[in-house]
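Spelled out from the first residue to the last, the chains are:
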Amino acid sequence: MTSQIKALSVHLLTATGAVFAMLAMLAAVDEEWSLMFLWLVVAFAVDGIDGPLARRYNVKKFAPEFDGVLLDLIIDYLTYVFIPAFALFKSGLMDGWTGWVAIILITFASAMYFADTRMKTKDNSFSGFPGCWNMLILVIFAVEPNFWVSLGLVTALAVAMFLPLRFIHPVRTERWRAVSLPMALAWTFFAGWAAWVDFHPDSWAHWGLVVTSVYLLLVGVVQQIIPERG
């Protein structure tokens, strides 16, 4: 297999995320939330592996006809932002005006953030909350907190998108990656399991989701507070 075919195959793998997004959207329209999140978890897994493959097979050199970064951003907006926001609104977990506020904050702030050329830091982390609303909203479906709590979380993270706070990329951020990458893999497993059991309130996966989500959300800020040893 030539280098060009390998590089093009990575782009094709990334593009499957659009198919999974459509399958998730079809499930969401029918209010089949568990199935929707299962498709989003599949898309999340693809998003986790296509980046390392793109760097390994040097897609910028061997398949420059396609912009992998742009392709990734388009799919991420669908799977990380648009579809989860739709689900949050239609599910009734945030009724009335709170649901409207949530979807406006999520979609508007994320559109601006995804177009921000300053989103990446020198250590390959993100500057500001990177719009991973699929993760937050899945946890909301699993835990079902009071809608005021949900609104507070959505508002705080929308503001955090534009603050000088660091959020790790579990694959690309080298510092503490030995812990962060297993945490991200564990989150993916817990998310899939929680959706598979239809977010049953007694599922142990919910606790795993909460623990791994808190770690992934805060570890970058902790790294900012604790200086790296030279």
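Quick caveat, the model's predicted, so the values are computed rather than measured.

Caption draft 1: Spotlight on the side chain of Thr-212. Structurally, the position occupied by Thr-212 is in helix α9 (residues 205–225). Among the polar contacts made by the side chain of Thr-212, one reaches the main-chain carbonyl oxygen of Leu-209 at a distance of 3.2 Å. Among residues more than four places away in sequence, those in contact with Thr-212 are Met-183, Ala-186, Trp-187 and Phe-190.

Caption draft 2: Highlighting the nonpolar core. In this structure, Met-36, Phe-37, Trp-133, Trp-187 and Leu-209 are the most contacted members of the largest nonpolar core, which totals 57 residues. Taken together, the elements giving at least two residues each to this core come down to α1 (3–29), α2 (33–56), α4 (68–90), α5 (96–114), α6 (133–143), α7 (147–160), α8 (177–196) and α9. With nine residues, the top contributor of residues to this core is α6. Excluding anything up to four places from it in sequence, Met-36 contacts Ala-24, Ala-27, Ala-28, Ile-83 and Ala-87. Judged by nonpolar contacts, the second largest core, of five residues, contains Ala-7, Val-10, Ala-54 and Val-59.

Caption draft 3: Representation of α9 within the structure. In this model, α9 (21 residues) spans 30 Å end to end at C-alpha, consistent with the 30 Å of a helix rising 1.5 Å per residue. Taking the largest bend as the criterion, α9 deviates by roughly 40°, centred on Leu-218. Residues of α9 that are buried: Ala-205, His-206, Gly-208, Leu-209, Thr-212, Ser-213, Tyr-215, Leu-216, Val-219, Gly-220 and Gln-223.

Caption draft 4: Geometry of the packing of aromatic side chains. Under the defined criterion, the tally for this structure stands at 18 aromatic pairs. Considering the side-chain rings of Phe-20 and Trp-39, the 5.9 Å spacing of their centres and the 15° angle between planes classify their relative orientation as stacked. Of this pair, Phe-20 sits in helix α1 while Trp-39 is found in helix α2, placing the two residues 19 residues apart along the sequence. Relative accessible area serves as the criterion here: at 17%, Phe-20 is assigned to the buried category. For Trp-39, a relative accessible area of 26% translates into the label partly exposed. Seen in terms of ring centroids, Phe-129 and Phe-167 are 5.8 Å apart; in terms of plane orientation they differ by 75°. Their pairing is edge-to-face. A residue pair is termed long-range when its members are at least 10 positions apart, and Phe-129 in the loop between β1 (126–127) and α6 and Phe-167 in strand β2 (residues 166–167) qualify at 38 residues. Given a relative accessible area of 5%, Phe-129 falls into the buried group.

Here is what the cut-offs are and how they apply
Residues numbered from 1 in each chain as written. Predicted model: local features only at pLDDT ≥ 70, side-chain atom pairs only at ≥ 80, totals over all residues. Heavy atoms only, no water. Helix = DSSP H or I, 4+ residues; strand = E, 2+ residues; numbered from the N terminus. Polar contact = N/O pair within 3.5 Å; in protein donor to acceptor, adjacent residues only side chain to side chain. Contact = heavy atoms within 4.5 Å. Core = buried A, V, L, I, M, F, W, Y, C linked by side-chain atoms within 4.5 Å. Buried < 20%, exposed > 50% of the residue type's maximum accessible area, 1.4 Å probe, protein only. Expected span 1.5 Å × (residues − 1). Bend = angle between axes of the 7 residues up to and from the residue. Phe/Tyr/Trp six-rings, centres within 6.5 Å; stacked < 30°, edge-to-face > 60°.

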